[in-house]
Amino acid sequence: MQARTPKSAVLATLVALLAPALSQAYDHAPDLPTVTTALSPLPKFPVPDVTSLKTKSAKLVDEEAFREKDVWGRIRSGYAIPDVNNDLVAKHVNWYATRPDYIARTTARASLYLFHVVSELEKRGMPTELALLPFIESAFNPNALSNANAAGIWQFVPGTGRDFNLKQDAFKDERRGILASTDAALTYLQRLYDMFGDWQLALAAYNWGEGSVQKAIKRNQAAGKPTDFESLADLMPAETRNYVPKLQAVKNIVANPQQYGLSLPVIDNSPYFTAVDKTSDIDLTVAAHLAELSVDEFKALNPQFKRPVIVGGEDTKILLPKENAEKFHLNLAQWTKELSTWSTHKITSARESIRSLASRFHTSPEVIRQANNIPQNSVLKAGSTILVPKISASAGDITPDVADTANVAYETERASAKPAKGYKLVKARVHHDSNKKHRKAN
């Protein structure tokens, strides 16, 4: 991986403590054992071990990063992927530069997540312009869904998401979750770089697949041609051929937005959100209320939750802006109502209609349909597990086993079973004097 971290402070420390020969040895062998013999002309000072030096170096890098007032500055200072300069880059720069409204919307969404992404890249020693990749993938929209069913800001397809332990079940899709998907994406990108030894090829493989890039490399090798990104571009589909130039275009704009008549919002160089533990099942609307956030604001940080209730074990986290996390804990301590108004019910017979279910659970068919995203004129298939309102105060949380295996399948007279997708935010109960439909807040 290419070096990108300023080394002046670290080198000054090494020169002051070590003889030049040892400094050179350290640079080329970072895993040397602890040095125990002091070297002249500094006999009174013990020579620190390599682990200590690495720790000090990491701290200095950390401190340097936090001297930046703006996250954009941290990104610029960590650019480490070789530049591309061709007609495609110029084309994409012009496209972005002539769409200031698009840039404004995308960077506004990015402002919630960039500090976290950049910090994770720096921890791993990866080029910081990779933090701009969701700009290309999803415009930083965690709810983005492609025609290939790729989801989240990093656009994982279901299979690759499972390869990187991103849970996808009836209640949660971690491809959309900021923490899990970012960790998976950076792990994947690093693996691709280790495979190809080149960040541009790693990016091409992220978009096209490592197998496709490997085949293109072998084809050029057999023809005696170079195997760098631009030499392979003619073998790539148009989307991949434009992928690295698009990232380069965004890099150029972030490096000097004024040159293109654009401005970027100031993103404070401090964490925007923090993670809080989910103690028990909690309705999404209740969680937003306790945090004193709108449902849309809550969902922007927690897009992985697909249903009106947040379930899961002790490892389930909720992300909140730092100041709202404090409000959440204070309000939770004083909350006297139920946290969750939902339970589950397993369909054992196709004769169990939604109307009869609604009657049994004291609600309306529309509430059942919206909570489980069941179309009109559809019949639930036996074996489905659906959300229903709690009708007993003694009903406990939805168990992790149920959450992991729950599946909603339905059919019409002319259609086969289909998995339910997405969700509508609804209240579990309907007042007897109200026939109003409960719809998702937009």
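Residue numbering note: each chain is counted from 1, following its sequence as written. pLDDT decides what is reported in this predicted model: residues at 70 or higher carry local features, side-chain atom pairs at 80 or more are listed and counted, and totals for whole chains, interfaces and linings draw on all residues regardless. Where side-chain values are given, they derive from all heavy atoms of the structure, hydrogens and water being excluded.

Caption draft 1: How the structure looks around the overall build of the chain. Each helix and strand counted, the chain has 20 helices and 9 strands in total. Exposed residues in this analysis have more than 50% of their type's maximum accessible area, buried residues have under 20%, and partly exposed residues fall in between, with area computed by a 1.4 Å probe over protein chains only. In the chain, which comprises 442 residues, the proportion classed as buried is 46%. Residue contacts are defined here by distance: any two heavy atoms, one from each residue, within 4.5 Å place the two residues in contact. Restricting the contact set of the chain to residue pairs at least 6 apart, pairs at least 24 apart contribute 69%. Each accessible area value is a Shrake-Rupley result obtained with a 1.4 Å probe; residue values ignore everything except the protein chains displayed when judging cover. By element, 50% of the accessible surface of the chain is carried by carbon and sulfur atoms, the whole surface being about 22800 Å². Put simply, DSSP marks the helices as runs of H or I at least four residues long and the strands as runs of E at least two long, and each gets a number from the N terminus on.

Caption draft 2: Focus on the nonpolar core. For our purposes a nonpolar core is just a set of buried Ala, Val, Leu, Ile, Met, Phe, Trp, Tyr and Cys residues, chained together by side-chain atoms within 4.5 Å. Leu 114, Trp 154, Phe 156, Leu 189, Leu 203 and Tyr 206 are the most contacted members of the largest nonpolar core, which totals 65 residues. Counting residues per element, this core draws most heavily on helix H10 (residues 178-196), at 9 residues. Excluding anything up to four places from it in sequence, Tyr 206 contacts Leu 133, Glu 137, Trp 154, Phe 156, Ala 185, Tyr 188, Leu 189, Leu 192 and Tyr 243. If you look at the next biggest cluster of nonpolar residues, it comprises 18 residues, including Ala 287, Phe 305, Ile 310 and Phe 328.

Caption draft 3: Summary view of the packing of helix H5 (residues 87-97) against helix H6 (residues 100-110). As a packed pair, H5 and H6 sit with axes 6 Å apart at the nearest point and diverge in direction by 85 degrees. As judged from the angle between their axes, H5 and H6 are roughly perpendicular. Contacts between H5 and H6 involve Trp 95, Tyr 96 and Ala 97 on the former and, on the latter, Pro 100, Tyr 102 and Ile 103. Its residues placed into classes, the contact of H5 with H6 shows 6 nonpolar, no polar and no charged. Orientation is described by lines fitted to C-alpha atoms, with helices fitted over the stretch in contact, and by angles between N-to-C directions that extend from 0 to 180 degrees. Roughly parallel means an angle under 35 degrees; roughly antiparallel means over 145; roughly perpendicular covers 65 to 115; every other angle is labelled oblique. Gly is placed with the polar residues, together with every amino acid not listed as nonpolar (Ala, Val, Leu, Ile, Met, Phe, Trp, Tyr, Cys and Pro) or charged (Asp, Glu, Lys and Arg).

Caption draft 4: Structural context of the pattern of salt bridges. We define a salt bridge as a contact between a side-chain nitrogen of Lys or Arg and a carboxyl oxygen of Asp or Glu at a distance within 4 Å. Counted by the stated rule, this structure contains 13 salt bridges. Of the charged contacts, one joins Arg 74 and Glu 122 as a salt bridge, the two residues approaching to 2.3 Å between their closest N and O atoms. One end of the pair, Arg 74, is in helix H4 (residues 71-77); the other, Glu 122, is in helix H7 (residues 114-124), with 48 residues separating them in the sequence. Sharing partners across several salt bridges, the network here consists of Asp 83, Glu 129 and Lys 251.

Caption draft 5: Here's a closer look at unusual backbone geometry. Unlike most non-glycine residues, Ala 139 shows phi in positive territory, near 55 degrees. Tracing the backbone through its elements, the reader meets Ala 139 in the loop between helix H8 (133-137) and helix H9 (158-163). One non-glycine residue, Asn 373, lies in positive phi territory at about 55 degrees. Tracing the chain through its elements places Asn 373 in the loop between helix H19 (365-372) and strand S6 (379-380).

Caption draft 6: Quick look at H7. With respect to burial, H7 is a largely interior element, 9 of its 11 residues being buried. Among the residues making up H7, those that are buried are Leu 114, Phe 115, His 116, Val 117, Val 118, Ser 119, Glu 120, Leu 121 and Glu 122. After H7 finishes, the residue Gly 125 shows a positive phi value of roughly 70 degrees.

Caption draft 7: Molecular detail of the packing of aromatic side chains. Ring geometry is summarised as follows: Phe, Tyr and Trp rings, the Trp one being its six-membered ring, pair when their centres sit within 6.5 Å, and such pairs are stacked at plane angles under 30 degrees, edge-to-face over 60 and tilted between the two. Evaluated as defined, the whole model comprises 9 aromatic pairs. Ring centres of Tyr 102 and Phe 135 lie 6.4 Å apart, and the angle between their planes is 70 degrees; this geometry places the pair in the edge-to-face category. Of this pair, Tyr 102 sits in helix H6 while Phe 135 is found in helix H8, placing the two residues 33 residues apart along the sequence. Each member of the aromatic cluster is reached from another via a ring pair, and the members are Trp 95, Tyr 96, Tyr 102 and Phe 135. Placement of a positive charge over a ring is assigned whenever Lys NZ or Arg CZ falls within 6 Å of the ring centre and within 35 degrees of the normal to the ring plane. Directly above the aromatic system of Tyr 79 lies the positively charged group of Lys 251, at a separation of 5.1 Å from the ring centroid.

Caption draft 8: Examining H19 more closely. Judged by how many residues are buried, H19 sits mostly within the fold: 7 of 8 residues are covered. Every buried residue belonging to H19 is among Glu 366, Val 367, Ile 368, Arg 369, Gln 370, Ala 371 and Asn 372, and all of these are buried. Buried residues in H19 make contact with strand S5 (342-346), helix H18 (354-360) and strand S7 (385-389). Just beyond H19, the residue with positive phi is Asn 373, at close to 55 degrees.

Caption draft 9: Seen up close, the side chain of Thr 107. When you line up the elements, Thr 107 lands in helix H6. In this structure, Thr 107 is in contact with Trp 72, Phe 135, Leu 264 and Pro 265, ignoring residues within four places of it in sequence.

Caption draft 10: Layout of the environment of Ser 349. Structurally, Ser 349 is set in the loop between S5 and H18. Spatially, the C-alpha atoms of Ser 349 and Leu 380 are 8.6 Å apart, while their sequence positions differ by 31 residues.

Caption draft 11: Local environment of the environment of Leu 262. If you trace the backbone, Leu 262 turns up in the loop between helix H14 (238-255) and strand S1 (273-277). Placed 158 residues apart in sequence, Leu 262 and Ala 104 show a C-alpha to C-alpha distance of 9.1 Å. For Leu 262, the residues in contact, after removing those within four places along its chain, are Tyr 96, Ala 97, Pro 100, Ile 103, Ile 253 and Pro 257.

Caption draft 12: Here's a closer look at the side chain of Lys 306. By the element assignment, Lys 306 lies in the loop between helix H16 (295-301) and strand S3 (309-310). Residues scored as positive are Lys and Arg, those scored as negative are Asp and Glu, and His as well as the terminal groups of each chain are ignored. One buried charged residue, Lys 306, remains without a salt bridge, the closest side chain of opposite sign being Asp 173 at 5.4 Å. In protein, a polar contact means a hydrogen-donor-capable atom and an acceptor-capable atom, both N or O and within 3.5 Å, with residues adjacent in sequence counting only if both atoms are side-chain atoms; elsewhere, any N or O pair within 3.5 Å suffices. Here the side chain of Lys 306 touches Asp 169 through a polar contact of 2.9 Å, landing on its backbone oxygen.

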